[in-house]
Amino acid sequence: MIGVVDYGMGNLKSVFSAFEYIGSQVRICSHPEELAQVDRIVIPGVGAIAQCIQKLKESGFAGALHDHVLKQAKPTMGICLGMQVMCKVSYEGGTHACLGWFDAEVVRLNPGNSSLKVPNIGWNQTEYDSKNPMYKGLPQLPDFYYVHSYQVKTVNPQEVAASYQYGEKVTASIFRDNIFATQFHPEKSQDLGLKILENFVKWNP
């Protein structure tokens with residue numbers, strides 16, 4: 001059973017529908033105690049990081065996720081803001097301490113080219129680590145759908161599972177132990193995005 005975390009922010013319906021479409025058992029978890037009833041966890045997210053952190057703490061999900069993800073090591077996936085919140089700190093609208101699962105910071109996109117707009121909204125060819133199980137069965141340089149103004153900069157390059165070019169090299173996904181996260185939206189990336197979700201469902205870290 002896959003649990004999609006509902007902490008008051010996020011693209012819950014589209015993520016839920018995508019997992020349901022590929023035949024997975026999935027439920028929306030609106031209370032932290034519901035995480036005990038699922039085997040895999042998905043953290044979606046759309047919006048501002050400060051509000052995201054506040055809602056995770058106020059709802060009790062921050063502590064519950066620490067237990068289920070870090071201590072119990074349940075396979076976990078973050079999407080978009082759900083990836084950024086896994087970092088140590090974000091500089092979106094100030095300085096905000098995040099969950100701290102990755103030694104990384106969240107900074108504004110800086111394409112250095114007036115033709116490349118911020119936020120980046122649209123499809124981008126993405127280069128991935130062919131050894132990473134989340135990308136099994138995908139073609140080279142798949143197109144994924146992105147909507148973001150901030151990006152993840154990680155201290156440990158081995159934790160970068162994929163990247164794309166947007167005037168600079170931008171982290172597209174991160175990976176460590178039982179945790180995988182994407183800056184792009186697999187639930188909005190058609191068949192190739194669904195393949196990512198299928199790989200997550202089959203993944204046994």
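None of the values given here were measured: they were computed from a predicted structure.

Chemist: Go over the sheet that holds strand 3 (residues 40-43), please, and point to the residues and values.
Modeler: If you trace the eight strands from one edge of the open sheet to the other, you get 2-1-3-4-14-13-12-9, paired in mixed fashion. The sheet is open, and its two edges are formed by strand 2 (26-29) and strand 9 (127-128), each paired on a single side. In the packing of helix 3 (residues 61-71) onto the sheet, contacts are made with strand 1 (2-5), strand 2, strand 3, strand 4 (76-79), strand 13 (169-176) and strand 14 (179-182), and the angle to strand 3 comes to roughly 135°. Contacts between helix 5 (residues 190-202) and the sheet are confined to strand 1, strand 3, strand 4 and strand 14, with strand 3 contributing the most and set at about 145° to the helix.

Chemist: Break down unusual backbone geometry for me, with residues and values.
Modeler: Each neighbour pair has its own omega, and for Val 118 with Pro 119 the value is 10°, a cis peptide bond. Relative to the assigned elements, Pro 119 resides in the loop between strand 7 (104-108) and strand 8 (120-125). Even without a glycine there, the phi angle at Ala 73 is positive, about 60°. Mapped onto the secondary structure, Ala 73 falls in the loop between helix 3 and strand 4. By relative accessible area, which is 38% here, Ala 73 ends up partly exposed. Not every positive phi belongs to a glycine, and Cys 80 is a case in point at roughly 60°. With respect to the element layout, Cys 80 can be found in the loop between strand 4 and helix 4 (81-84).

Chemist: For the sheet that holds strand 5 (residues 89-90), give the residues involved together with the corresponding values.
Modeler: Spatially, 6-5-7-11 is the arrangement adopted by the four strands of the open sheet, whose pairing is mixed. Here the strands that pair on one side only, and so sit at the sheet edges, are strand 6 (96-97) and strand 11 (150-154). Relative to strand 6, strand 5 is paired through two bridges, and the arrangement is antiparallel. Bridging across to strand 6, Val 89 finds its partner in Ala 97.

Chemist: Any chance you could break down the packing of aromatic side chains for me, citing the residues and the numbers?
Modeler: All chains considered together, the criterion is met by eleven aromatic pairs. Geometrically, the ring pair formed by Tyr 128 and Tyr 135 is stacked, given 4.9 Å between the ring centres and 10° between the ring planes. Tyr 135 carries the same exposure label as Tyr 128, and that label is buried. Summarising the aromatic geometry, the rings of Phe 175 and Phe 180 are spaced 6.3 Å apart at their centres and angled 65° between planes, so their arrangement reads as edge-to-face. The class of Phe 180 is buried, set by a relative accessible area of 0%. Pairwise contacts between aromatic rings join Phe 19, Tyr 128, Tyr 135, Phe 175, Phe 180, Phe 200 and Trp 203 into one cluster. Positioned above the aromatic ring of Phe 200 is the side chain of Arg 40, whose terminal nitrogen or guanidinium carbon lies 5.9 Å from the ring centre.

Chemist: Quick rundown of the packing of helix 1 (residues 12-21) against helix 5? Include the residues and the values.
Modeler: The interhelical angle for the contact between helix 1 and helix 5, taken along N-to-C directions, is 70°, at an axis separation of 10 Å. What the angle tells us is that helix 1 and helix 5 run roughly perpendicular. Two secondary-structure elements touch here, helix 1 through Ala 18, Phe 19 and Tyr 21 and helix 5 through Leu 194, Leu 197, Phe 200 and Val 201. Looking at the contact of helix 1 with helix 5 residue by residue, the classes come out as seven nonpolar, no polar and no charged.

What counts and what doesn't
- Residues numbered from 1 in each chain as written.
- Predicted model: local features only at pLDDT ≥ 70, side-chain atom pairs only at ≥ 80, totals over all residues.
- Heavy atoms only, no water.
- Pairing = 2+ DSSP bridges.
- Helix = DSSP H or I, 4+ residues; strand = E, 2+ residues; numbered from the N terminus.
- Contact = heavy atoms within 4.5 Å.
- Axes fitted to C-alpha atoms, helices over the stretch in contact; angles between N-to-C directions.
- Buried < 20%, exposed > 50% of the residue type's maximum accessible area, 1.4 Å probe, protein only.
- Phe/Tyr/Trp six-rings, centres within 6.5 Å; stacked < 30°, edge-to-face > 60°.
- Lys NZ or Arg CZ within 6 Å of the ring centre and 35° of its normal.
- Parallel < 35°, antiparallel > 145°, perpendicular 65-115°, else oblique.
- Nonpolar A, V, L, I, M, F, W, Y, C, P; charged D, E, K, R; others polar.

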